[in-house]
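Reading the structure
In case you want the letters, here they are:
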Amino acid sequence: RSGEVSRYLVNRGLPSTTVLSLYDDGAALWVGTTAGVVRQQGTSFVPVRSSYGEVLNRVFAMAGDQRGLAWVVDANGGLFEHKSNRFVGVEIPAVTEKRDISQIYLDSEGALWIGHSSGGTHRITQGQVSHFAHRDGIATGRVQGIAELPRGTIWVATTEGLSRFQQGNWTT
């Protein structure tokens, strides 16, 4: 704010200087690195571990809503939900390969979108799981990003194109 640049390194609480993801929950900045997840507290960062006390490694995607950080993806452990200042592993029967998750996004209606390295997405809303693949109109390739426009349109970027989900239909 004052035009001053601050560097945050391991001496300020970062577990690694290789940052893979960021999430601002409105109250604090969350940082996913190759050696764990931390949450900003004042001018430093404090670690947040799994419910077993383990460090999550290679956290490359984070998502949340107005209540704060809700989900992260770890390269080895898959999907985790944030509860009581810990990350709890989440099993989703329709998502059988934990390491296939490449992106996550929590939309304005509370649906969790999961993008896959092998292509396609899952949408989880109110306990219902929907799967969308190339046959449904989504572009092939690894899902690189998911975003939402103010009117509820979901965009999915893949290594092979850009797809739009609007009123229940995909356009690529």
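Please refer to the structure placed before this passage.
Below, the structure is looked at part by part. (Residues numbered from 1 in each chain as written. Predicted model: local features only at pLDDT ≥ 70, side-chain atom pairs only at ≥ 80, totals over all residues. Heavy atoms only, no water.)

**Regarding the pattern of salt bridges**
Inspection of the entire model under this criterion finds two salt bridges. A salt bridge links Arg39 to Asp25; its shortest N-O distance comes to 3.5 Å. One end of the pair, Arg39, is in strand E3 (residues 36-41); the other, Asp25, is in the loop between strand E1 (19-24) and strand E2 (29-33), with 14 residues separating them in the sequence. Arg39 gets classed as partly exposed once you look at its relative accessible area, which sits at 26%. Using a relative accessible area of 16% as the deciding quantity, one classes Asp25 as buried. (Salt bridge = Lys/Arg side-chain N within 4 Å of Asp/Glu carboxyl O. Helix = DSSP H or I, 4+ residues; strand = E, 2+ residues; numbered from the N terminus. Buried < 20%, exposed > 50% of the residue type's maximum accessible area, 1.4 Å probe, protein only.)

**Examining the side chain of His122**
Its location among the elements puts His122 in strand E11 (residues 121-125). The residues touching His122, leaving out its near neighbours within four places in the chain, are Ala94, Val95, Leu112, Trp113, Ile114, His116, Val129, Ser130 and His131. (Contact = heavy atoms within 4.5 Å.)

**Overview of the sheet that holds E3**
An order of E1-E2-E3-E4 is seen for the four strands of this open sheet, with the pairing classed as antiparallel. The sheet is open, and its two edges are formed by E1 and strand E4 (44-48), each paired on a single side. Each adjacent strand pair in this sheet contributes to an overall mean axis angle of 30 degrees, direction not counted. Pairing of E1 with E2, which is carried by five bridges, proceeds in the antiparallel orientation. Bridge pairing in E2 places Leu22 opposite Val31. (Pairing = 2+ DSSP bridges. Axes fitted to C-alpha atoms, helices over the stretch in contact; angles between N-to-C directions.)

**A look at the nonpolar core**
Core analysis: the biggest nonpolar cluster contains 14 residues, and Trp71, Leu79, Ile101, Ile104, Leu112 and Ile114 have the highest contact counts within it. Setting aside its immediate chain neighbours within four residues, Leu79 contacts Trp71, Val72, Val73, Val88, Gly89, Val90, Ile92, Ile101, Ile104, Leu112 and Ile114. Counting eleven residues, the second-largest nonpolar core is a separate cluster that includes Val48, Leu56, Phe80 and Phe87. (Core = buried A, V, L, I, M, F, W, Y, C linked by side-chain atoms within 4.5 Å.)

**Things to note about the packing of aromatic side chains**
Per the counting criterion, the structure on display carries eight aromatic pairs. Relative to Trp170, the ring of Phe132 has its centre 5.5 Å away and its plane inclined at 65 degrees; by these criteria the two rings are edge-to-face. Remark: Trp170 occurs in strand E16 (residues 169-171) and Phe132 occurs in strand E12 (residues 128-132); sequence separation between them is 38 residues. With relative accessibility at 10%, the residue Trp170 sits in the buried group. (Phe/Tyr/Trp six-rings, centres within 6.5 Å; stacked < 30°, edge-to-face > 60°.)

**A short note on the pairing of strand E14 (residues 154-158)**
Of the two faces of E14, only one is covered, namely that formed by Ile154, Val156 and Thr158; the face formed by Trp155 and Ala157 stays uncovered. As judged from the five bridges shared by strand E13 (residues 143-148) and E14, these two strands associate in the antiparallel manner. Bridge pairing in E14 places Gly145 opposite Ala157. The pairing of E14 with strand E15 (residues 161-166) spans five bridges and is classified as antiparallel. Directly across from Ile154, in E15, lies its bridge partner Phe165. Counting the residues that bridge the hairpin from E14 to E15 gives two residues.

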